[in-house]
Amino acid sequence: MSNTSSLDVITSLCKRRGFIFHSSEIYGGINGFWDYGPTGCEMKRNIKEDWWKTTVRNREDVAGLDATIIMHPSIWRASGHLDTFSDPMSTCKACKKLMRADQIWDILADGEIGQSLQAELDAGTDAGKIAGWCKGKAKGLAPNLAAVQNPLVLTAAFEKIKADPASCGSLQALYKLLANANKEVEDEVVTPCPYCGGELTDPRPFNLMFKTVVGPVDDPANVAYLRPETAQAIFAQFPNVLSTSRQTVPFGIAQMGKSFRNEVTPRNYTFRSREFEQMELEFFIRPDEAVELICGRVTTMADNPDLSTPQNAWGWEVWHKYWVERRKQWIQSCGLPKDSFVEYWQKPEELAHYARACVDIQYSFPFGVQELEGIAARSDFDLTQHQKHSGKSMEVFDEPLKLAANALGEAGKAAFMEKVTAEWAARGKDAEAARAFVAKLFDGKYVPHVIEPSAGVDRMMLALLCNAYEEQKLTDEKGKEDVRVVMHFSPRIAPVKVAVFPLVKNKPELYGKAREMFEHLRRRYAAFWDESGAIGRRYRRQDEIGTPWCVTVDFQTLEDGTVTVRDRDTMLQERLTLEQLKAKIDDALLV
Ligand code: GAP
């Protein structure tokens, strides 16, 4: 399998084989929106169903939810999205393009200007050559760059590069110099546009939520938002799910579906889209203080716990690590090798103020190591926010907690209160709030804390596409060389599980038998019928969409009922009865 596949190769295969198309392509497309074609939508569905089965159906402690995309706007006020869900954005004063201020140098490096200027740098930082670039190629590529427009800036740049080639030895340093060589004062230095060289505005926050209007009157009072994540509906529906699902903490609520973000610069194919799908789990746990009251102790990672089966005494840290491990297992089970992704633990300064820990699972995409999904320990922040803004209680009553508190007696309670107040004070938290919290615990009540594994369907699919791609050089028995493109999807994720071919079309008995077998198989699996072209060509078409098994119905089938089953990865063939074939496929598809 290849991890060297370039994004262009993947994009081209996806278009050719019906995985992914640009949305609204016949009208020139729309940036940041993608459609999944016949093979792509099957594969995407498989990823989602696999996640649902693993996360919800196969567990007794997780319930599902399917909420609306548009919700009451107060949800986004409570969650903080209205105030803080923004990216820094700059605008070019010359070409008017908008871009994320933190991606300017990546955009430069990926674009034509960057590649052309990098080629000059790779040949050595020669002042004369750089000046030649400004007078020549740059006129078309970066017409608004100061050194292209203004001979004085160009002369100043020339002198600076001549005097100290090392000072502008990187693409970013050189490009900045070509925009600012004549500036003496730091305050006057500008950032040049990566698309044309013009001057960029200072970054300003740009809220990523898509706005819409609910009802016929286009009035600010009717503004609503397309959800930027599926998670918030889970928090908002927490009391309803709790009272109808017969779950008790610890338990989770899972939801998957569309999310929308008006990304300033959608890029890297489907990786950063404006419309995408998420698969999110909010797993609610007891606060550590409640665990301590019930169990007498709290297990932390320092205890080196066995993470295979959840335990009552687990604190948030162990639950968080448990979900990191579960998510890694799932990713691997979908076909991404263990060494293709890493755990990135966010540093304390990178964490949201309420988060206790956050791990990004990062995959090595062709465009760099980037986030596939995240697992965050979010404390009780979300439920508390909704409790505050809605006025509705998000507390649970935990009977074992109440019994444990009663068993403490008055002296025990006082000692516990003192201990927790001191611990909170050490973390810079208010003593009064600590006392109110502990008093609630003694009544068996608290707002649950949450661990949030949050995955993107589209990113997972992109990673699986990149990982599965392989070009194999083959030599046939006559010595002729050929290249086979094969997608090594895991059978569970493959869009088509089995393809059925009649050896010939013009023998009614054989053709009829093949149809009969196909109809039988398609009732159980995503199956594909192909009767045209040589068998070898039919195999190749299936290899490109990653079909694990191709079945040829031939003359021997009419005699003994067996078919030729060709394995996608090994290309080996074996004869099996229909029952043997079904057993083989079932075995591979079992979650
Ligand atoms: N509720 C938490 C949350 O939404 P996030 O890190 O913003 O966290 C979670 O998003 C996951 O959703 C990401 O790891 C990624 O897989 C996916 N995702 C986020 N923004 C995306 C985008 N613009 N395009 C595609 N997938 C995206």
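First things first, this report covers the structure right here in the doc.

Criteria and thresholds
Residues numbered from 1 in each chain as written. Predicted model: local features only at pLDDT ≥ 70, side-chain atom pairs only at ≥ 80, totals over all residues. Heavy atoms only, no water. Patch = residues over 30% accessible without salt bridge, like charges linked within 9 Å, V, L, I, M, F, W, Y side chains within 5 Å. Areas by Shrake-Rupley, 256 points an atom, 1.4 Å probe, with all protein chains shown as cover. Salt bridge = Lys/Arg side-chain N within 4 Å of Asp/Glu carboxyl O. Helix = DSSP H or I, 4+ residues; strand = E, 2+ residues; numbered from the N terminus. Buried < 20%, exposed > 50% of the residue type's maximum accessible area, 1.4 Å probe, protein only. Contact = heavy atoms within 4.5 Å. Phe/Tyr/Trp six-rings, centres within 6.5 Å; stacked < 30°, edge-to-face > 60°. Lys NZ or Arg CZ within 6 Å of the ring centre and 35° of its normal. Polar contact = N/O pair within 3.5 Å; in protein donor to acceptor, adjacent residues only side chain to side chain. Pairing = 2+ DSSP bridges. Lys, Arg positive; Asp, Glu negative; His and termini not counted. Charge placed at Lys NZ, Arg CZ, Asp CG, Glu CD. Near = heavy atom within 4 Å. Nonpolar A, V, L, I, M, F, W, Y, C, P; charged D, E, K, R; others polar. Axes fitted to C-alpha atoms, helices over the stretch in contact; angles between N-to-C directions.

Residues Leu503, Phe555 and Leu558 make up a contiguous nonpolar surface patch of about 230 Å² in total accessible area. Note on placement: leucine 558 falls in helix H22 (residues 555-560).

Time to look at helix H16 (residues 381-390). Listing the buried residues of H16 in full gives Phe381, Asp382, Leu383, Gln385 and His386. Taken together, the buried residues of H16 touch helix H3 (74-79), helix H12 (231-236), helix H13 (238-245), strand E10 (275-285) and strand E16 (449-456). Positive phi appears at glycine 391, one or two residues downstream of H16, with a value of about 75 degrees.

Take the packing of aromatic side chains next. All told, the structure shown has 23 aromatic pairs when counted by the stated rule. Note on phenylalanine 283 and tryptophan 319: the rings are 4.9 Å apart at their centroids and 40 degrees apart in plane angle, and the pair reads as tilted. In this pair, phenylalanine 283 sits in strand E10 while tryptophan 319 sits in helix H15 (residues 316-333), placing the two residues 36 residues apart along the sequence. According to the relative accessible area criterion, tryptophan 319 is buried, its value standing at 4%. Where tyrosine 363 meets phenylalanine 365, the ring centres are 4.9 Å apart and the plane angle is 85 degrees; that geometry is what we call edge-to-face. By the burial criterion, tyrosine 363 is buried, and phenylalanine 365 matches it. Positioned above the aromatic ring of tryptophan 424 is the side chain of lysine 429, whose terminal nitrogen or guanidinium carbon lies 4.1 Å from the ring centre. The ring of phenylalanine 271 carries the charged tip of arginine 459 above its face, separated from the ring centre by 3.7 Å.

With that out of the way, let us pick up the environment of tyrosine 354. In this fold, tyrosine 354 is placed in the loop between strand E11 (341-345) and strand E12 (357-365). Residues tyrosine 354 and methionine 71 lie 283 residues apart in sequence; the distance between their C-alpha atoms is 24 Å. Residue contacts for tyrosine 354: discarding those within four places in its chain leaves Ala377, Arg378, Ser379 and Phe381. Separated by 3.3 Å, the side chains of tyrosine 354 and arginine 378 make a polar contact.

This paragraph deals with the pattern of salt bridges. Applying the stated criterion across every chain yields a total of 40 salt bridges. Between arginine 541 and aspartate 530 there is a salt bridge; the shortest N-O distance is 2.8 Å. Of this pair, arginine 541 sits in helix H21 (residues 535-545) while aspartate 530 sits in the loop between strand E20 (527-529) and H21; the two residues are eleven residues apart in sequence, bridging distant segments of the chain. Taking relative accessible area as the criterion, aspartate 530 reaches 7% and is therefore assigned buried. Ionic contacts of the salt-bridge type, sharing partners, join the residues Asp87, Arg100, Asp102, Glu263 and Arg272 into one network.

Another point: the pairing of strand E4 (residues 86-91). Inspection of the sheet shows E4 paired to strand E6 (residues 204-207) by four bridges, in the antiparallel sense. By the bridge assignment for E6, methionine 89 is matched with arginine 204. Alignment of E4 against strand E5 (residues 98-100), held across three bridges, turns out to be antiparallel. Bridge pairing in E5 places threonine 91 opposite leucine 98. If you look at the hairpin formed by E4 and E5, you'll find six residues sitting between the two strands, and lysine 96 has a positive phi there, around 70 degrees.

Together, Glu184, Glu186, Asp187 and Glu188 give the surface a local cluster of negative charge. As for its position among the elements, glutamate 184 is in the loop between helix H11 (171-180) and E6.

Here the focus is the site of the ligand. The full set close to the ligand counts 20 residues, and Glu229, Arg261, Glu280, Glu371 and Leu372 are the nearest of them. Here a nitrogen atom of the ligand and a backbone polar atom of phenylalanine 271 are 3.2 Å apart. Measuring from an oxygen atom of the ligand, one finds a side-chain N or O atom of glutamate 371 at 2.5 Å. For the ligand, whose free accessible area comes to 550 Å², the fraction covered by protein is 88%. Among the elements of the structure, E10, strand E13 (368-377) and E16 are those that each provide at least two residues to the shell around the ligand. Tallied by class, the residues present in the shell around the ligand amount to five nonpolar, six polar and nine charged.

Sheet strands line up and pair through hydrogen bonds in the backbone, either parallel or antiparallel. Spatially, E5-E4-E6 is the arrangement adopted by the three strands of the open sheet, whose pairing is antiparallel. Sheet topology places E5 and E6 at the edges, where each strand pairs with a single neighbour. Mean inter-strand twist for the sheet, computed between neighbouring axes without regard to direction, equals 50 degrees.

The seven strands lie next to each other as E3-E9-E10-E16-E13-E12-E11, forming an open sheet whose pairing is mixed. Only two strands of the sheet have a single neighbouring strand rather than two, namely strand E3 (62-64) and E11. Averaged over all pairs of adjacent strands, the angle between their axes in this sheet comes to 25 degrees, without regard to strand direction. Judged from the six bridges that link them, E10 and E16 form a sheet pairing that is antiparallel. Note on E16: the bridge partner recorded for isoleucine 285 is histidine 449. Running over the sheet, H15 touches E10, E11, E12, E13 and E16 and is turned about 140 degrees from E13.

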